[in-house]
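# Working through the structure, step by step
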Amino acid sequence: MKFTVLGSGAGLPSKDRNTQSFVIDCVLEYNEYILIDAGEALQHRILHTHIKPSKIKNIFITHLHGDHIFGLPGFLSSRAFQGGEGIPLKIYGPRGLREWLETTFRISESTLNYPLEIIEVEAHMKIRLNNFDVHVLPLSHGIESFGYIFKEDDKIGELQTDKLREIGLKPGPVYGEIKSAETFTVDNTVYKSADFIGETIRGRKITVHGDTRLNSDEEYLNLIRNSDLVVHEATFLKNEREKAHDYFHSEVNHVLDIFKDINYKELLIVHISSRYTDEDIKEVSALLEGRAVIAYDYFELPIPRNVK
Ligand SMILES: [Zn+2]
Ligand SMILES: [Zn+2]
């Protein structure tokens, strides 16, 4: 599984940064890409990658500001001609998404040749997707804005074959049965299966925020705690904490302060304003000291399984 940034910019696109779009690539595990947000020119960005539009089967929209959705109608229309014919697509997003899309399609006389389901979400709604539980996280951005927490199911640990051999059990179909039974018997002795199974393999957890002010509530921090990857905006990079708050956005040092105890593996900073130069970004990156990475377009981050 990996996380790909197709647009790392905020508000206006620049030559280097497109407006916000991300992809969770789970083709190997679930044969699909999950798209999060659809900034303008999303489909042009996709053309520079190996992503197949027909394999985008679920889209999550954080909020309805233009820099997060203006690429959606074009992408949806083109998908039909890029192998998507007949392949269903679901789009999750805030209230108003359906009306906006239906109006756009009606007035532009666009028709899709695949089933499209639009699901308008609410705070703390739970969505089941492949082996993920998706939790809808309410944010604070003036307009209704959400984050999405993708939590993969935990997996039962590996069978400890050395220990099984020690009690005289040779490899065979019985090994598979041990994982699903509570106990098993060898030479009239009953054994507990759990004693022969390694530690549970924790499912991956990816938390992606839409635009927002920072939130330090304990209840919220507990929801995103222990994420393998946290994606958060920092429209402001330079000690502009109050200004960020006034504009319903976040500032990078404040993000680090708030998240210092939530035990994340990777923190990716996105939604970078086009007013910052490459020099500014370098300067700020150096100060992050590895606690976070500032995203750029086409940035890819592998998210390996939590095998101990
Ligand atoms: Zn935005
Ligand atoms: Zn916004």
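Given the structure is predicted, the values throughout are model-derived calculations rather than measurements.

The rules behind the values
Residues numbered from 1 in each chain as written. Chains lettered and ligands numbered in written order. Predicted model: local features only at pLDDT ≥ 70, side-chain atom pairs only at ≥ 80, totals over all residues. Heavy atoms only, no water. Buried < 20%, exposed > 50% of the residue type's maximum accessible area, 1.4 Å probe, protein only. Helix = DSSP H or I, 4+ residues; strand = E, 2+ residues; numbered from the N terminus. Arc of directions from axis to C-beta. Contact = heavy atoms within 4.5 Å. Core = buried A, V, L, I, M, F, W, Y, C linked by side-chain atoms within 4.5 Å. Domains from an automatic or database assignment. Donors = N, O, S within 2.8 Å, 3.2 Å for Na, K, Ca; no water. Tetrahedral: all angles 85-135°; square planar, octahedral: opposite > 155°, others 65-115°. Pairing = 2+ DSSP bridges. Axes fitted to C-alpha atoms, helices over the stretch in contact; angles between N-to-C directions. UniProt positions renumbered as here; feature names shortened; annotations may be inferred. Polar contact = N/O pair within 3.5 Å; in protein donor to acceptor, adjacent residues only side chain to side chain. Phe/Tyr/Trp six-rings, centres within 6.5 Å; stacked < 30°, edge-to-face > 60°.

### Details of helix α11 (residues 278-288)
Every α-helical turn comprises 3.6 residues, leaving residues that sit three or four positions apart pointing alike. All of the buried residues along α11 are Asp280, Ile281, Val284 and Leu288. Projected onto a plane normal to the axis of α11, the buried residues spread over an arc of 95° and lie on a single side. Opposite the buried face of α11, at more than 90 degrees from it, the exposed residues are Asp278, Glu279, Lys282 and Ala286. Tucked inside the fold, the buried residues of α11 contact α10 (252-258) and β15 (293-294).

### Some remarks on the nonpolar core
Formed by 31 residues in total, the largest nonpolar core has its most connected members in Phe3, Ile24, Phe60, Phe150 and Leu268. The contact partners of Phe150, leaving out residues within four places of it in the chain, are Ile24, Ile34, Ile36, Phe60, Phe132, Asp133, Val134, Arg204, Lys205, Ile206 and Val208. The next biggest cluster of nonpolar side chains, apart from the first, holds 28 residues, and it includes Leu139, Leu256, Leu267 and Leu288.

### Comments concerning the domain arrangement of the chain
Annotation of the chain at the domain level lists domain 1 (2-155 + 200-302) and domain 2 (161-196). Computed over C-alpha atoms, the centres of domain 1 and domain 2 are 45 Å apart.

### Considerations on the coordination of the zinc ion (ligand 2)
Looking at the metal site, the zinc ion (ligand 2) is ligated by His63 (NE2), His65 (ND1), His141 (NE2) and Asp211 (OD), spaced 2.1 to 2.4 Å from it. Coordination at the zinc ion (ligand 2) is irregular, judged from the four donor atoms that bind it and the angles of 89 to 169° they form at the metal. Between the zinc ion (ligand 2) and the zinc ion (ligand 1) the interatomic distance comes to 3.4 Å, and Asp211 is a ligand of both metals. Taken together, the residues span a long stretch of sequence, with His65 in the loop between β4 (56-60) and α3 (66-69) and His141 in the loop between β8 (132-138) and β9 (146-152) at a distance of 76 residues. We classify His141 as buried; its relative accessible area is 5%.

### A few points about the sheet that holds strand β3 (residues 32-36)
Across the sheet, which stays open at both edges, the seven strands sit in the order β6-β5-β4-β3-β2-β1-β16 with mixed pairing between neighbours. What marks the edges here is a single partner per strand, and that holds for β6 (116-120) and β16 (300-302). In this sheet, adjacent strand axes meet at a mean angle of 20° when their direction is disregarded. Where strand β1 (residues 2-7) meets β16, three bridges bridge the pair, whose relative direction is antiparallel.

### Regarding the coordination of the zinc ion (ligand 1)
For the zinc ion (ligand 1), the protein coordination sphere consists of Asp67 (OD), His68 (NE2), Asp211 (OD) and His271 (NE2), at 2.1 to 2.2 Å. Around the zinc ion (ligand 1), the four donor atoms sit at angles spanning 90 to 168°, and that spread fits a shape best called irregular. All donors of the zinc ion (ligand 1) belong to a single chain; written as a sequence motif, their spacing is D-H-x142-D-x59-H. Residue Asp67 is classed as buried on the basis of its relative accessible area, which comes to 12%.

### Concerning the UniProt feature "binding site: Zn(2+) 1" (unreviewed entry) in the chain
Here the UniProt feature "binding site: Zn(2+) 1" (unreviewed entry) sits at His63, His65, His141 and Asp211. These annotated residues cover 149 residues of sequence, and their C-alpha atoms lie no more than 10.2 Å from one another, placing them together at a single site. Secondary-structure assignment places His63 in the loop between β4 and α3. On the basis of relative accessibility, which here comes to 0%, the residue His63 falls in the buried class. With residues up to four places along the chain from it excluded, the contact list for His63 reads Asp37, His68, Ile69, Pro94, His141, Ile143, Glu144, Ser145 and Asp211. Here the side chain of His63 touches Thr62 through a polar contact of 3.0 Å, side chain to side chain.

### Things to note about the packing of aromatic side chains
Within this structure, the stated rule accounts for 12 aromatic pairs. A ring pair is formed by Phe132 and Phe150, whose centres lie 6.4 Å apart and whose planes are at 85°; its orientation type is edge-to-face. Linking Phe132 in strand β8 with Phe150 in strand β9, this pair joins segments that are 18 residues apart in sequence. Under the relative-accessibility criterion, Phe132 is labelled buried at 1%.

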